[in-house]
Amino acid sequence: MRVNGAQYRTVWLENGVVKMIDQPKLPHAFSIASLRTCEETAQAIRVMVVRGAGAIGAAAGFAMAQAALAAQTKSREEFGRSVEQAAALVRKTRPTAQNLFYAVERVLGATNGLEPEKAARAAVVEAQAIADEDASACQKIGEHGEALLEKKTRMLTHCNAGWLAFVDWGSALSPVYAAQRSGKAPFVWVDETRPRCQGAALTSWELGQEGVRHAIIADNAAGFFFSRGEVDIAIVGADRIAANGDVANKIGTYEKALLAREHGVPFYVAAPLSTIDFGCPDGGAIPIEERGEDEVLYASGLLDSGTQGRVRLAPKGASARNPAFDVTPAKLIAGIITPYGVVKPSRLRDAVPSRRQALSGPARTR
Ligand code: MRU
């Protein structure tokens, strides 16, 4: 990703300090947050300084590495207790994104059976590998997904599944960036994505940095553009994919999938394998985060005074419900764009490396 001409990742580890693009400040200010301890990094995940499945996963891995580094001079027993406590803390930050749990288990596993000092080094190496794999998986998603985009395709996306939601490249937006580079000049309809407006604030900003043509639409305007034949394809990201191909993604995704079905528009999901939870039989078993009601009762942004703040939308005393994700059933999904090709949701296991030999070549739907 390039921000104002400079190369960045969304989250990285530098001398034991986790650095991340401070996402709540975007698009009005670009700054880097520095988190010195596992506790600080966990808190940054909780309050969404970093958000998006892949970026959360990388941050969780780095948080675990920080915990291991902090405990490396302890006895073997104390070291074990410290990293288990850190894992419990990180697991509690956000419940839906599978990548978080994937990263915590991987880093824990890397420390298993090693002396504390060696284990800490192994934790850092593993956390870095998770971040690097996330970036390269997303790049491959772009290569496969690009084949689904013709010249000047008008694609609809929901929330932010671009590079800000991963370490680099993104999932749903990676095919767009590949298409842009190959001269296809794609156009993106960007759902604003209330209540936190990741579409209006983050996706629009990212696409602007990459020079991609796009328009933000109110969440309730999508049906209008579908009905007028102005949407050629929909591609969204995923926070967790169940074994049967049901997909949890940002609230509002399900109704976009229904609109796509009604209007004969193909609806795709893009995700690395670290988002798939084969232990979860179907979408009903995916834990759905419910967030505070203030996100619905207020809107946040840049005030006329030039400072960032929030304004109240709802009458005093009003209450709200705020589920952060919904589940789109597999039957509404044309294909899942993975780093190994495009698979039917019912054939999800075909995307797993041991079974993927037959999947070489771009964008084949099986
Ligand atoms: O609550 P967030 O911002 O962490 O939600 C994640 C998302 O941005 C979307 O659901 C996205 O499409 C999937 S994450 C790649």
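Scoring rules and cut-offs
Residues numbered from 1 in each chain as written. Predicted model: local features only at pLDDT ≥ 70, side-chain atom pairs only at ≥ 80, totals over all residues. Heavy atoms only, no water. Near = heavy atom within 4 Å. Polar contact = N/O pair within 3.5 Å; in protein donor to acceptor, adjacent residues only side chain to side chain. Areas by Shrake-Rupley, 256 points an atom, 1.4 Å probe, with all protein chains shown as cover. 1 Å grid on protein atoms, 1.4 Å probe; cavity = no way out; pocket = protein on both sides within 12 Å on 5 of 7 lines; lining within 4 Å. Sits in = over half its atoms within 2 Å of the grid points. Helix = DSSP H or I, 4+ residues; strand = E, 2+ residues; numbered from the N terminus. Nonpolar A, V, L, I, M, F, W, Y, C, P; charged D, E, K, R; others polar. Domains from an automatic or database assignment. Buried < 20%, exposed > 50% of the residue type's maximum accessible area, 1.4 Å probe, protein only. Pairing = 2+ DSSP bridges. Axes fitted to C-alpha atoms, helices over the stretch in contact; angles between N-to-C directions. Contact = heavy atoms within 4.5 Å. Phe/Tyr/Trp six-rings, centres within 6.5 Å; stacked < 30°, edge-to-face > 60°. Lys NZ or Arg CZ within 6 Å of the ring centre and 35° of its normal. pLDDT = per-residue confidence, 0-100. Salt bridge = Lys/Arg side-chain N within 4 Å of Asp/Glu carboxyl O.

A. Fine view of the site of the ligand. Around the ligand, the surrounding shell holds 18 residues, and the nearest of these are Arg51, Arg94, Asp239, Asn249 and Lys250. Residue Gly52 places a main-chain N or O atom 3.0 Å away from an oxygen atom belonging to the ligand. For the ligand, whose free accessible area comes to 400 Å², the fraction covered by protein is 100%. Here the ligand occupies the largest cavity. Of all the elements in the fold, those that place two or more residues in the shell around the ligand are helix H2 (53-70) and strand E11 (247-250). Here the shell around the ligand is composed, by residue class, of nine nonpolar, five polar and four charged. There are two domains that each give the shell around the ligand at least three residues, and those are domain 1 (2-139) and domain 2 (142-360).

B. Quick peek at the pairing of strand E12 (residues 267-270). Where burial is concerned, the two faces of E12 agree: the one with Phe267 and Val269 and the one with Tyr268 and Ala270 are both buried. Strand direction decides the pairing type here: strand E9 (residues 233-236) and E12, joined by three bridges, are parallel. Residue pairing in the sheet places Ile235 in a bridge with Tyr268 of E12. Two strands pair when backbone bridges link them, and E12 and strand E17 (residues 335-338) are joined in this way by three bridges, in the parallel orientation. Pairing of Val269 across the sheet is with Ile336, part of E17.

C. Spatial organisation of the sheet that holds strand E8 (residues 213-217). A sheet is described by the order of its strands in space; here seven strands give the open sequence E8-E7-E6-E9-E12-E17-E18, paired in mixed fashion. Whereas interior strands pair on both sides, the edge strands pair on one side only; in this sheet they are E8 and strand E18 (341-343). Adjacent strand axes in the sheet meet at a mean angle of 25° when their direction is disregarded. Here strand E6 (residues 154-157) runs beside strand E7 (residues 187-191); their pairing, made up of four bridges, is parallel. Along E7, the bridge assignment pairs Thr157 with Val190. Across the sheet, helix H5 (residues 116-146) touches E12, E17 and E18, and the angle it forms with E17 is around 135°.

D. Expanded view of the side chain of Thr203. Positionally, Thr203 belongs in helix H7 (residues 198-209). Every residue in contact with Thr203, bar those within four places of it in the chain, is listed here: Thr157, Cys159, Asn160, Leu173, Val190 and Gln198.

E. Region of the structure containing helix H6 (residues 174-181). Within H6, six of the eight residues are buried, which leaves the element mostly enclosed by the surrounding structure. When we look at burial in H6, the residues that qualify are Ser174, Pro175, Val176, Tyr177, Ala178 and Ala179. Turning to H6, the residues buried within the fold contact H5, E6, E7 and H7. Looking one or two residues past H6, Gly183 carries a phi angle of roughly 85°, positive in sign.

F. Broad picture of the packing of aromatic side chains. Scanning the entire structure with this criterion turns up seven aromatic pairs. Note on Phe30 and Trp205: the rings are 6.1 Å apart at their centroids and 20° apart in plane angle, and the pair reads as stacked. With Phe30 in the loop between strand E4 (17-21) and strand E5 (32-35) and Trp205 in helix H7, this pair connects stretches of sequence that are 175 residues apart. Classification of Phe30 by relative accessible area gives partly exposed; the value is 28%. With a relative accessible area of 13%, Trp205 lands in the buried category. Taken together, Tyr8, Trp12, Phe30, Trp163 and Trp205 form an aromatic cluster joined through their ring pairs. One residue, Lys250, lies across the ring of Phe325, its end atom 4.2 Å from the ring centre. A cation sits over an aromatic face here: Arg310 above Tyr298, 3.6 Å from the ring centre.

G. Structural context of unusual backbone geometry. The residue after Leu26, namely Pro27, is reached through a cis peptide bond having omega 5°. With respect to the element layout, Pro27 can be found in the loop between E4 and E5. A cis amide bond links Arg194 with the next residue in sequence, Pro195, at an omega value of 5°. Along the chain, the position of Pro195 falls in the loop between E7 and H7. Positive phi, close to 60°, is recorded for Cys159, a residue that is not glycine.

H. Looking closely at the confidence of the model for the chain. Summarising the model, the chain shows a mean pLDDT of 95, and 96% of its residues fall at 70 or more. In this model residues 356-366 is a low-confidence stretch, pLDDT under 50, and it forms 27 contacts with partners more than four residues away in sequence or in other chains.

I. Molecular detail of the pattern of salt bridges. The tally for this structure, following the rule as stated, stands at 18 salt bridges. With a closest N to O distance of 2.8 Å, Arg94 and Glu289 form a salt bridge. In this pair, Arg94 sits in the loop between helix H3 (76-91) and helix H4 (98-111) while Glu289 sits in the loop between strand E13 (276-277) and helix H10 (294-297), placing the two residues 195 residues apart along the sequence. The salt bridge involving Arg240 is made with Asp277; its shortest N-O contact spans 2.8 Å. Remark: Asp277 occurs in strand E13 and Arg240 occurs in strand E10 (residues 240-242); sequence separation between them is 37 residues. Among the residues examined, Asp277 registers a relative accessible area of 13% and is labelled buried.

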